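Single-letter residue listing:
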Amino acid sequence: QDKIQPKLKEFYIKIVTEKTELLSDVAIILADPYVQNVFCMEVFSCLHNMIEKENLPRNEEKLHFLLKFINLGINAWSIVDNDSTDEPKIHKYTLKENVPLLMICLVEDIMHKEMCSKYRENVVSNLISSTSRDPLIKTLAMHYVLTLAQNRNIERLRMVLPLIPESISTLDEVFMHVLVSYLLQYQAEWKQPDFCKAVFNSFLNKYCEDEVVLRHVLRLLWTAHLHLDADLVTETLENIAPQPSHSTQVRDLFMQLSERTAIVDT
């Protein structure tokens, strides 16, 4: 990996300095969600190493390099539509303000017992609110949410999830697929009412007008309802009932789930 990175850096410098159509081709490749995920994982690995060594984001060359690749993928369609050969710039406040906020969150996840809960809430709130003006930090923040779900950090998820609808208007399908895949592994976690309300009432239900989100929520409930409070399941189903604009497949799935949960309740 250490041998590959210098070559990637050399390649990146070449395509952005020569200002050729190759930039748009590379950007489209980097826009692939799986490629974005690989670079996001590298960023988080880099941030953890920085925390251990007590380094700052503005001084970390490897981090800057990884962020440029992610940013190029985020701006891929803008580059294509505008036939641009210019490298999309990273906002100054990304490295000065937002990445440090993300680092603080990572530190707090390690030392949460020693941190004031109010302070944690303020940091998380500032991080999520920054996503509305910074697409790059939005990508990293949503990856952070997925790492919380993967690590079953339900205390932090309970804090983060209700903040997302205030700053992020839509959830993409790849994010929903991965998030729900992690949540489907939960069992005992669903016995905590505050966590359940944070996931459904304060987060997922806010997006269910979107068919993509609704389909994944129904997928989650299909299994998770066995571990959830019956009243919460009933309330959630009432709140996410499909509209005429939703597809027949989703409406049918909703009806099947309603029958399934009714049978279990009886």
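That block above? That's the structure.
Model, not experiment: these values are computed from the prediction.

1. Quick word on the pattern of salt bridges
Counted under the stated rule, the structure contains seven salt bridges. A salt bridge links Lys89 to Glu87; its shortest N-O distance comes to 3.7 Å. Residue classification places Lys89 among the exposed positions, given a relative accessible area of 67%. Here the salt bridges do not stand alone but share partners, grouping Glu108, Asp109 and Arg156 into one network.

2. Here we look at helix H3 (residues 33-53)
For H3, with 21 residues, the first-to-last C-alpha span of 30 Å sits near the 30 Å given by 1.5 Å per residue. Among the residues of H3, Gln36, Phe39, Cys40, Glu42, Val43, Phe44, Cys46, Leu47, Met50 and Ile51 are the ones counted as buried. The N-cap residue of H3 is Asp32: its side-chain oxygen and the backbone nitrogen of Tyr34 are 2.8 Å apart. Immediately downstream of H3, the backbone of Glu54 shows phi near 60°, a positive value.

3. Points about unusual backbone geometry
Positive phi, close to 60°, is recorded for Glu54, a residue that is not glycine. Looking at where Glu54 falls in the secondary structure, it is placed in the loop between H3 and helix H4 (61-74). Unlike most non-glycine residues, Asp83 shows phi in positive territory, near 50°.

4. Here we look at helix H8 (residues 135-150)
Taking 1.5 Å per residue, 16 residues should reach 22 Å; H8 reaches 23 Å between its end C-alpha atoms and fits that length. Within the sequence span of H8, burial applies to Leu136, Ile137, Leu140, Ala141, Met142, His143, Tyr144, Val145, Leu146, Thr147, Leu148 and Ala149. The first or second residue beyond H8 is Arg152, which carries a positive phi of 55°.

5. Structural notes on the environment of Gln150
Note on placement: Gln150 falls in helix H8. Judged by relative accessible area, Gln150 falls into the partly exposed class, the value being 46%. Separated by 28 residues in the primary sequence, Gln150 and Val178 have C-alpha atoms spaced 9.2 Å apart.

6. As for a negative patch on the surface
Among the surface-exposed residues, Asp229, Asp231, Glu235 and Glu238 lie close enough to one another that they form a single negatively charged patch. Tracing the sequence through the fold places Glu235 in helix H14 (residues 230-239). Under the relative-accessibility criterion, Glu235 is labelled partly exposed at 35%.

Reading the values: rules and limits
- Counting restarts for each chain: residues are numbered from 1 in the order of the written sequence.
- Only residues with pLDDT of at least 70 are given local features in this predicted model, and only at 80 or more are side-chain atom pairs given and counted; all residues enter the totals for whole chains, interfaces and linings.
- The side-chain values count all of the structure's non-hydrogen atoms but skip hydrogen atoms and water molecules.
- Think of a salt bridge as a Lys or Arg side-chain nitrogen and an Asp or Glu carboxyl oxygen that are within 4 Å of each other.
- Each residue's exposure class comes from its accessible area (1.4 Å probe, protein chains only) as a fraction of the maximum for that residue type: buried when under 20%, exposed when over 50%, partly exposed otherwise.
- Where helices and strands are cited, they refer to DSSP runs of H or I of at least four residues and of E of at least two residues respectively, numbered from the N terminus.
- Expected helix span is given by 1.5 Å per residue-to-residue step, counting one fewer step than there are residues.
- Think of a polar contact as two N or O atoms within 3.5 Å of one another; within protein, one of them needs to be a possible hydrogen donor and the other a possible acceptor, and neighboring residues in sequence only count if both atoms come from side chains.
- Surface patches are drawn from residues lacking salt bridges whose relative accessible area is over 30%; two like charges belong together within 9 Å, two nonpolar side chains (Val, Leu, Ile, Met, Phe, Trp, Tyr) within 5 Å.
- Residue exposure ignores everything except the shown protein chains as possible cover, and the areas themselves are Shrake-Rupley values with a 1.4 Å probe.
- The positive count covers Lys and Arg only, the negative count covers Asp and Glu only, and His and the chain ends enter neither.
- Lysine's charge is taken at NZ, arginine's at CZ, aspartate's at CG and glutamate's at CD.

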